[in-house]
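Inside the fold
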Amino acid sequence: MDRVPRKQRDAPIPCCGCSHLAPLPLLAGVIRYVALLVTLLGTWFIVRTYFDHRGKAISLRSWLGAIEKPISQQPPRHKCGNRKSCPQNYFAFKIISGAANVVGPSICFDDAILMSTVRNNIGRGLNIALVNGTSGQLLTADTFDMYSGDINKLDSYLRRVKHGTIVLVASYDDAATKMNNKVRALFEELGSSHVKKLGFRDNWVFLGAKGLKSKSPFEEHIKNDKLTNKYSGWPELLEIEGCVHRKMD
């Protein structure tokens, strides 16, 4: 029996087709590293594109290449929700009459709601707010039942109005059943042009002042007419808004 030389006996046994096995662990590590890098980059890209530097969300349409319209700026809010702002030394106001005998009136002055259903200080008849013409501060807010109330209370109330006081009036349900000529004359002194024509269930909104030298431009009146009424037995509500000059001492 031939003896195998020692060098040949200790030599490694060749493995056909196994030369590629050595680098496999290294290749797998590279693949895992690349996959991790791609995941991190993808996550960063999504977060970066979803939130811009102002924190505003970007819609899916922009991801797909659609052109987004710029978000229009919100229109400025004016006092009392009016359509425009008032110049310096003017007070903003809005007066809304009641609707039939269901929806109550509202009076806003210098961005403060003086009378409304929410404030629980309105009632059937005439709703009247008196405001200091210089400071704009509310002096008093009262309601007068013009259907079954005492007209003398309204008469005394109007006679006590001081010079320079702004008077805001909104009708609700019925504004004139108890009206008499003395009270009409007192409203005319405040600048009203329509109070003399005010009748049963008419709607009326008015802003005047004690000491006016001419008729007020802030007044609306609509007759109760079954042919034109918006509601059953009542005309549509009225609304006026504008700017009234501050009384300068």
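Now for a description of the structure that goes with this document. Since this is a predicted model, take the numbers as computed values, not measurements. Chains are numbered independently. Their residues run from 1 in the order of the written sequence. Under the rules for a predicted model, residues below a pLDDT of 70 receive no local features and side-chain atom pairs below 80 are neither given nor counted, while totals for whole chains, interfaces and linings still include all residues. The basis for every side-chain value is the complete set of heavy atoms in the structure, and neither hydrogens nor water enter the calculation.

Turning to the sheet that holds strand β6 (residues 165-172), a few remarks are in order. Spatially, five strands are ordered β5-β4-β6-β7-β8 in an open sheet, and the strand pairing comes out antiparallel. Of all strands in the sheet, those bounded by a partner on one side alone are β5 (138-144) and β8 (219-222). Across the sheet, the mean angle from the axis of one strand to that of its neighbour is 15°, orientation sign disregarded. Pairing between two strands requires that DSSP report at least two bridges joining them. Under the DSSP-based scheme used, a helix requires at least four consecutive residues in state H or I and a strand at least two consecutive residues in state E, with every element numbered from the N terminus. Across five bridges, β6 lies against strand β7 (residues 203-209) in antiparallel orientation. Along β7, the bridge assignment pairs alanine 170 with valine 205. Lines fitted to C-alpha atoms define the axes here, with helix axes fitted over just the stretch in contact, and angles between the N-to-C directions of these axes take values from 0 to 180 degrees.

Along the chain, aspartate 173 turns up in the loop between β6 and α5 (181-189). At 4.0 Å, arginine 201 is the nearest oppositely charged side chain to aspartate 173, a buried residue that forms no salt bridge. At a separation of 3.0 Å, a polar atom in the side chain of aspartate 173 contacts the side chain of tryptophan 234. The criterion used for residue contact is that any of the two residues' heavy atoms lie within 4.5 Å. In this view, aspartate 173 contacts Ala100, Asn101, Arg124, Arg201 and Trp234; residues no more than four positions away in its chain are not counted. Relative accessibility under 20% of the residue-type maximum defines a buried residue, over 50% an exposed one, and the middle range a partly exposed one, all with a 1.4 Å probe and only protein chains included. Only four residue types enter the charge count, namely Lys and Arg as positive and Asp and Glu as negative; His and the chain termini do not. Think of a salt bridge as a Lys or Arg side-chain nitrogen and an Asp or Glu carboxyl oxygen that are within 4 Å of each other. Distance and chemistry together define a polar contact, namely a pair of N or O atoms within 3.5 Å, with one atom able to donate a hydrogen and the other to accept it when in protein, and with adjacent residues in sequence counting only for side-chain atoms on both sides.

We place a 1 Å grid over just the protein atoms. Points where a 1.4 Å probe fits but has no way out form a cavity, open points with protein on both sides within 12 Å along at least 5 of 7 lines form a pocket, and any residue with an atom within 4 Å of a point lines it. Grid points are joined across faces, edges and corners, and a volume is the space filled by probe spheres set on the points. Here the largest pocket defines a volume of roughly 310 Å³. In terms of lining residues, the largest pocket is bounded by 18 residues, among which Ile166, Ala209, Leu212, Val244 and His245 are the most central. When contributions to the lining of the largest pocket are tallied by element, the ones reaching two or more residues are β7 and β9 (239-245). For the lining of the largest pocket, the element with the most residues is β7, which contributes three residues. Its residues assigned to classes, the lining of the largest pocket shows seven nonpolar, eight polar and three charged. Under the convention adopted here, Pro, Cys and the residues Ala, Val, Leu, Ile, Met, Phe, Trp and Tyr are nonpolar, Asp, Glu, Lys and Arg are charged, and Gly plus all remaining residues are polar.

Attention now goes to the pattern of salt bridges. One pass over the full model with this rule turns up eight salt bridges. Two residues, glutamate 239 and lysine 94, come together in a salt bridge whose shortest N-O distance is 3.7 Å. Here glutamate 239 is found in strand β9, whereas its partner lysine 94 is found in strand β1 (residues 90-96), with 145 residues between them in sequence. You can call lysine 94 buried: its relative accessible area is 14%. In this structure, lysine 223 engages aspartate 202 in a salt bridge whose closest nitrogen and oxygen atoms are separated by 3.0 Å. Remark: aspartate 202 occurs in the loop between α5 and β7 and lysine 223 occurs in the loop between β8 and β9; sequence separation between them is 21 residues. Taking relative accessible area as the criterion, aspartate 202 reaches 1% and is therefore assigned buried. One salt-bridge network, held together by shared partners, links Arg83, Lys94, Glu239 and Glu241.

Our focus in this paragraph is the environment of arginine 184. Within the element layout of this structure, arginine 184 appears in helix α5. In sequence terms arginine 184 and histidine 194 are ten residues apart; their C-alpha atoms lie 9.3 Å from each other. When neighbours within four sequence positions are excluded, arginine 184 is seen to be in contact with Met179, Val195, Lys196, Lys197 and Leu198. Reaching out from arginine 184, the side chain makes a polar contact with the backbone oxygen of valine 195 at a distance of 2.5 Å.

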